[in-house]
Amino acid sequence: MNQTAFTVVEVVFPLMTQLDFTAPHQVFSRLPGITTRVASATGGTIASHEGLRFEGTERLADIPACDLLFVPGGTGIAAVLNDAETMAQVRRLAAGARYLTSVCTGSLVLAGAGLLKGKRAACHWAWRGQLARFGAIPDAGRVVRDGDIITGGGVTAGLDFAFTVAAEIAGPDAAEALLLMLEYAPEPPFPGGRPELARPEVKRRVDEIYGAILPKRMADVEEYARRMVP
């Protein structure tokens, strides 16, 4: 990174998945020479899907520009897509940003804003196919880079994503030092975490859970796509 100042804007919203946001924030906020700004459409307090409340967020409209725009995912993603003010601010900030980034279903916001056409992007596996609805190319990678667009898969991929971004904007040495400071050496207690790795009975159980909650959320995303995509 050659700049003396580098600003990361983290877009938060009601019912986001807190780890999508907090895992990358943990990394970004500890990098040397990086300023992180947490912002929402309304400013003030934002509650995550898990009930955690994040106070004092800035208003997106009050931030003139950023070097890196980051969007997490969560159950509130359809509401974000259908909120004209949030999407307008995402487009505005993206226009001047050097990097566009996301974790989990945050890539649907970037795609829905028309920023990922013809670009490869990651997303949570259950939602990945929706990217194509906006002209993006779904990619099953845990961290996917296409030019200056860097996207992460679902939830826990946020740490892999964050360290990838850290090496890009602060240099590999800084990223590796922070990797050690945070003792990031994952050893899952059992295999799984991706559909192709999960035991069949576990996959069936998750499919049943998602079968009860995803159709309505998918329909909301599809409604936005019908309005916005020619």
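Refer to the structure printed above.
Small disclaimer: the values here were computed from a predicted structure and weren't measured.

What to know about the overall build of the protein chain
Each helix and strand counted, the protein chain has 7 helices and 10 strands in total. Projected onto the principal axes, the alpha-carbon positions of the protein chain cover approximately 50 × 45 × 35 Å. Burial statistics for the protein chain: of 230 residues in total, 43% are counted as buried. Taken as a whole, the protein chain presents about 11,000 Å² of accessible surface, with 55% of it coming from carbon and sulfur. Of the charged side chains in the protein chain, 23 are positive and 25 negative, and the gap between their average positions amounts to 6 Å.

Structural notes on the packing of aromatic side chains
Per the stated rule, a full pass over the model turns up 8 aromatic pairs. Measuring from centroid to centroid gives 6.3 Å for F6 and Y99, while their planes differ by 45°, and the two rings are tilted. With F6 in strand β1 (residues 6-11) and Y99 in strand β6 (residues 99-103), this residue pair connects regions lying 93 residues apart in the sequence. Across the pair, Y99 and F6 agree in class, each one buried. With a centroid separation of 5.7 Å and 45° between ring planes, the pair formed by W125 and Y210 is classed as tilted. Pair noted here: W125 is in the loop between β7 (120-121) and β8 (137-138) and Y210 is in helix α7 (residues 200-228), with a separation of 85 residues, a long-range link. Accessibility expressed as a relative area gives 27% for W125, which makes it partly exposed. Ring-pair connections join several aromatic residues into one group, and the members of that group are F28, F70 and F161.

Notes on the side chain of D146
Mapping D146 onto the fold places it in strand β9 (residues 143-146). In this structure, D146 is buried with no salt-bridge partner, the nearest side chain bearing the opposite charge being K119 at 4.1 Å. A polar atom in the side chain of D146 sits 2.9 Å from the backbone nitrogen of R120. In this structure D146 touches G118, K119 and R120, once residues within four positions along its chain are discounted.

A word on the layout of surface pockets
Volume-wise, the largest pocket comes out at about 800 Å³. The element best represented in the lining of the largest pocket is α7, accounting for 4 residues. Computed from the structure, the second largest pocket encloses a volume of approximately 280 Å³. If you go around the second largest pocket, you meet 16 residues; those closest to its centre are T17, G74, T75, W127 and R217. Secondary structure elements with two or more residues in the lining of the second largest pocket: α2 (77-81) and α7. It is α7 that contributes the most residues to the lining of the second largest pocket, 4 residues altogether. Counted by class, the lining of the second largest pocket contains 8 nonpolar, 6 polar and 2 charged residues.

Focus: the environment of Q26
Among the secondary structure elements, Q26 is positioned in helix α1 (residues 18-28). Expressed as a C-alpha distance, the spacing of Q26 and D67, which sit 41 residues apart in the sequence, is 18 Å.

Observations regarding the nonpolar core
Counting 44 residues, the largest nonpolar core has V9, L69 and W127 as its most contacted members. Going through the elements one at a time, β1, β2 (34-40), β5 (68-71), α2, α3 (84-96), α4 (106-112) and α7 are the ones with two or more residues in this core. With 5 residues, α7 is the single largest residue contributor to this core. Setting aside anything within four residues of it in sequence, one finds L69 in contact with V9, V11, V90, L93, A94, A97, Y99, L100 and T101. Counting residues in each nonpolar core, the second largest holds 20 residues, with V8, F161, F163 and L178 among its members.

Some points on the side chain of T86
Tracing the chain through its elements places T86 in helix α3. Judged by its relative accessible area of 8%, T86 is buried. Beyond its immediate chain neighbours, meaning those up to four positions away, T86 contacts A41, L60 and V80.

Structural notes on the packing of α1 against helix α5 (residues 157-170)
Packing of α1 against α5 leaves a shortest axis separation of 8 Å and a crossing angle of 30°. Between α1 and α5, the angle is such that the two are roughly parallel. Remark: the crossing between α1 and α5 carries right-handed chirality. Seen from α1, the contacting residues are A23, P24, V27 and F28; seen from α5, they are G158, L159, F161, A162, F163, V165 and A166.

Quick notes on the rules
- Residues numbered from 1 in each chain as written.
- Predicted model: local features only at pLDDT ≥ 70, side-chain atom pairs only at ≥ 80, totals over all residues.
- Heavy atoms only, no water.
- Helix = DSSP H or I, 4+ residues; strand = E, 2+ residues; numbered from the N terminus.
- Buried < 20%, exposed > 50% of the residue type's maximum accessible area, 1.4 Å probe, protein only.
- Areas by Shrake-Rupley, 256 points an atom, 1.4 Å probe, with all protein chains shown as cover.
- Lys, Arg positive; Asp, Glu negative; His and termini not counted.
- Charge placed at Lys NZ, Arg CZ, Asp CG, Glu CD.
- Phe/Tyr/Trp six-rings, centres within 6.5 Å; stacked < 30°, edge-to-face > 60°.
- Salt bridge = Lys/Arg side-chain N within 4 Å of Asp/Glu carboxyl O.
- Polar contact = N/O pair within 3.5 Å; in protein donor to acceptor, adjacent residues only side chain to side chain.
- Contact = heavy atoms within 4.5 Å.
- 1 Å grid on protein atoms, 1.4 Å probe; cavity = no way out; pocket = protein on both sides within 12 Å on 5 of 7 lines; lining within 4 Å.
- Points joined across faces, edges and corners; volume = space filled by probe spheres on them.
- Nonpolar A, V, L, I, M, F, W, Y, C, P; charged D, E, K, R; others polar.
- Core = buried A, V, L, I, M, F, W, Y, C linked by side-chain atoms within 4.5 Å.
- Axes fitted to C-alpha atoms, helices over the stretch in contact; angles between N-to-C directions.
- Parallel < 35°, antiparallel > 145°, perpendicular 65-115°, else oblique.
- Left-handed = near helix turned anticlockwise from the far one by under 90°.

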